[in-house]
Amino acid sequence: MKSAEIIAVGSELLTPSRLDTNSLKITERLNAVGIQVRLKTVVGDDRATVANLVEAALTRSDLVVLTGGLGPTDDDVTRDAVSEALALPLEEDPRIVERIQQRFEERGLRMPEINRRQAMVPRGASVLENVNGTAPGLWIDCGDKAVVLFPGPPREMQPMLDLVVHERLAPRSGGAGVYRRVLRIAGRTESHAEERAQPIYSRWLAGATPIETTILAAPGQIELHLSVRTTSENEARARLEAAVTELEAAFGADVFSSDGRSLEEVVGGLLRARAWRIAVAESCTGGLVLSRLTDVPGSSDYVERGLVAYSNRAKTELLRVPDDLIVADGAVSEPVALAMAKGAASTAGVAIGVGVTGIAGPGGGSDRKPVGTVVVAVVGPEMQRVRTFRFPGERRQVKFQASQLALDTVRRLLLEDASRDG
Ligand code: AMP
Ligand code: MG
């Protein structure tokens, strides 16, 4: 089995209040045994639509996984829809009735008649026990393809999913797995990254074991996801390692991580390696930079302190930023950011000082300094760097991108310092 399709059934999943998270879990587990998910559908509790989807899915994919709609009430139609699509009549399974009755009796209750619906099984299906609820799951072989039904509640679905993967899918996979690496890039736009990576990607696709690639852009960060499907874990790791090396050569210092680490973890690692401590003075980010740095366990090894100097008065009182500098250049300016960074480092008595100032919006912008303007300064032993950027997006996005710029500037400065030494 190579390809799968997931159908998440539940009218609540089509409202703004519920998200289909089951399919993420299912995808993760299928990938681990070499099955790629080709398509996902979210559909309401509508019998005819679900039946049509199942029929169509079986023409495209080896495995069709449904979740949801196995409850005892009239609005749960997955069982009926599948029985219709596969033309398999539903028959009551007395063992399931007994098991459900038992579950109710254990709680001192009588089984409501409507729960009998959960004992209806398409002819020839295998029953998957539900250890956390009443609705059993179902596995139905269709020639060399299969349809599998899981209940919607995640804690009922997950043990069943594990069992199916372990007992039914892994043995058929021939040891195949999908292996992944993620490269994280800062300081480039999605189109720049794509332009540079595309020629490399197309060569990989032509290889004997093709590497599939996806580019994911978030504000302030681009991710390149590489995946390989093969039966040899060693081959996969070697293929991916070579690919990562090639991309790292193409992107240089813009790549900040190829091993799953976040930017704050990478910065922390560089600080720790130098035994340097950091102090951060933040205006527009309101403490976000320090919050991210301290998300990393063990950050007390290198984080000294953070100061949120939001007002001009705070900048002069806490960081000794000269008043006349703020008057002459404005609070959002390179001289003020630099003075904040120097003030942070000197008042804390540490090697690395960071200053972040900017206009997060929606108000406060001007022609010369529009909303989204952010200035970051980093100072260290015999080095300093100041960068001004203009970020798109609303307030929270600007704040996040500003924190990203601050962390990335620290990273680049530390890398350059390390390469000077080395
Ligand atoms: P069911 O009775 O099988 O339709 O499942 C209903 C419960 O499971 C509800 O609480 C749903 O919000 C939850 N649920 C159903 N489908 C999903 C899904 N795809 N992802 C996460 N939760 C789900
Ligand atoms: Mg439902």
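Remember, predicted model here, so these are calculated numbers, not experimental data.

Before going further, it helps to spend a moment on the overall build of the protein chain. Secondary structure assignment for the protein chain yields 13 helices and 17 strands. The C-alpha atoms of the protein chain give 28 Å as radius of gyration, which overshoots the globular expectation for 422 residues (22 Å, by more than 25%). In terms of overall dimensions, the protein chain has a C-alpha envelope of 85 × 55 × 40 Å along the principal axes. Taking all 422 residues of the protein chain together, the buried fraction comes to 49%.

Glancing now at the pairing of strand 3 (residues 63–67). Working note: regular strand, side chains alternate between the two faces of the sheet. Counting buried positions along strand 3 gives five out of five residues, so the element sits mostly inside the fold. Of the pairings in the sheet, the one linking strand 1 (residues 3–9) to strand 3 comprises five bridges and is parallel in character. Bridged to Ala8 within strand 3 is Thr67. Looking at chain direction, strand 3 and strand 8 (residues 145–150) are connected through five bridges and run parallel. Residue Leu63 lies in a different strand from strand 8, and its bridge partner there is Ala146.

By domain assignment, the protein chain separates into domain 1 (3–172), domain 2 (177–257) and domain 3 (263–420). In this complex, domain 1 contributes six residues to the contact, which on the side of domain 2 involves five residues. When the buried surface of domain 1 facing domain 2 is broken down by residue, Asn31, Gly34 and Gln36 rank first, second and third, together holding 82% of it. The tally of links between domain 1 and domain 2 comes to zero salt bridges.

Here the focus is the site of ligand 1. Taken together, 17 residues lie near ligand 1, and Asp20, Thr21, Gly69, Gly152 and Pro153 sit nearest. Here an oxygen atom of ligand 1 and a backbone polar atom of Pro153 are 3.1 Å apart. Starting from 490 Å² of accessible surface for ligand 1 in isolation, the protein chains cover 79%. Counting atoms within 2 Å of the grid points, the majority share of ligand 1 lands in the largest pocket. Here the residues of the shell around ligand 1 sort into seven nonpolar, six polar and four charged.

Turning to the packing of aromatic side chains, a few remarks are in order. According to the stated counting rule, one finds two aromatic pairs in the structure shown. With 6.0 Å between their ring centres and 40° between their planes, Tyr201 and Trp204 make a pair best called tilted. Of this pair, Tyr201 and Trp204 are both found in helix 6 (residues 190–205), three residues apart, which corresponds to roughly one turn of the helix. Aromatic side chains Phe389 and Phe391 sit 5.7 Å apart centroid to centroid with 15° between the ring planes, which places their arrangement in the stacked category. Classification of Phe391 by relative accessible area gives buried; the value is 13%.

Here we take up the environment of Ile114. Along the chain, Ile114 falls in the loop between helix 4 (94–106) and strand 5 (120–122). Judged by its relative accessible area of 46%, Ile114 falls in the partly exposed class. Apart from the residues lying within four places of it in its own chain, the contact partners of Ile114 are Pro72 and Thr73.

Taking strand neighbours across the sheet as the criterion, the four strands line up as 10-11-9-12 in an open arrangement whose pairing is antiparallel. Because the sheet does not close on itself, it has two edges, and the strands there are strand 10 (211–218) and strand 12 (255–257). Pairs of neighbouring strands in the sheet enclose a mean axial angle of 30°, with direction left out of account. With eight bridges connecting them, strand 10 and strand 11 (residues 221–230) associate as antiparallel partners. Along strand 11, the bridge assignment pairs Ala217 with Ile222. The strands touched by helix 6 are strand 10 and strand 11; relative to strand 10, the strand with the most contacts, the crossing angle is about 170°.

Attention now moves to the sheet that holds strand 1. Pairing is mixed across the open sheet formed by six strands, whose spatial order is 2-1-3-8-7-6. Edge positions in the sheet fall to strand 2 (36–43) and strand 6 (126–128), since each of these pairs with one other strand and no more. Neighbouring strand axes in the sheet, compared pairwise and without regard to direction, differ in orientation by 20° on average. In this fold helix 1 (residues 22–32) packs onto strand 1, strand 2, strand 3 and strand 8, with an angle of close to 165° to the strand it touches most, strand 2.

Further remarks concern the layout of surface pockets. Over the atoms, a rolled probe matching the size of one water molecule traces out where space is still vacant. Space inside the largest pocket adds up to approximately 420 Å³. Along the walls of the largest pocket sit 27 residues, with Glu12, Gly68, Gly69, Gly152 and Pro153 positioned nearest its centre. Put simply, the second largest pocket is a space of about 360 Å³. Lining the second largest pocket are 19 residues, and of these Gly187, Arg188, Gly220, Phe391 and Gln401 lie nearest its centre. Secondary structure elements with two or more residues in the lining of the second largest pocket: strand 10, strand 11, strand 17 (383–390) and helix 13 (395–421). Split into classes, the residues belonging to the lining of the second largest pocket amount to nine nonpolar, six polar and four charged.

This part is about helix 5 (residues 154–169). All buried positions along helix 5 are accounted for by Glu156, Met157, Met160, Leu161, Val164, Val165 and Leu169. End-on view of helix 5: buried residues confined to an arc of 145°, all on one side of the axis. Exposed residues pointing more than 90 degrees away from the buried face of helix 5 are listed as Arg155, His166 and Glu167. Among the structural elements, helix 1, strand 3, strand 6, strand 7 (137–142) and strand 8 are those in contact with the buried residues of helix 5.

Conventions adopted
Residues numbered from 1 in each chain as written. Chains lettered and ligands numbered in written order. Predicted model: local features only at pLDDT ≥ 70, side-chain atom pairs only at ≥ 80, totals over all residues. Heavy atoms only, no water. Helix = DSSP H or I, 4+ residues; strand = E, 2+ residues; numbered from the N terminus. Rg over C-alpha atoms; globule rule 2.2 N^0.38 Å. Buried < 20%, exposed > 50% of the residue type's maximum accessible area, 1.4 Å probe, protein only. Pairing = 2+ DSSP bridges. Domains from an automatic or database assignment. Contact = heavy atoms within 4.5 Å. Buried area = accessible area lost by both parts, 1.4 Å probe. Salt bridge = Lys/Arg side-chain N within 4 Å of Asp/Glu carboxyl O. Near = heavy atom within 4 Å. Polar contact = N/O pair within 3.5 Å; in protein donor to acceptor, adjacent residues only side chain to side chain. Areas by Shrake-Rupley, 256 points an atom, 1.4 Å probe, with all protein chains shown as cover. 1 Å grid on protein atoms, 1.4 Å probe; cavity = no way out; pocket = protein on both sides within 12 Å on 5 of 7 lines; lining within 4 Å. Sits in = over half its atoms within 2 Å of the grid points. Nonpolar A, V, L, I, M, F, W, Y, C, P; charged D, E, K, R; others polar. Phe/Tyr/Trp six-rings, centres within 6.5 Å; stacked < 30°, edge-to-face > 60°. Axes fitted to C-alpha atoms, helices over the stretch in contact; angles between N-to-C directions. Points joined across faces, edges and corners; volume = space filled by probe spheres on them. Arc of directions from axis to C-beta.

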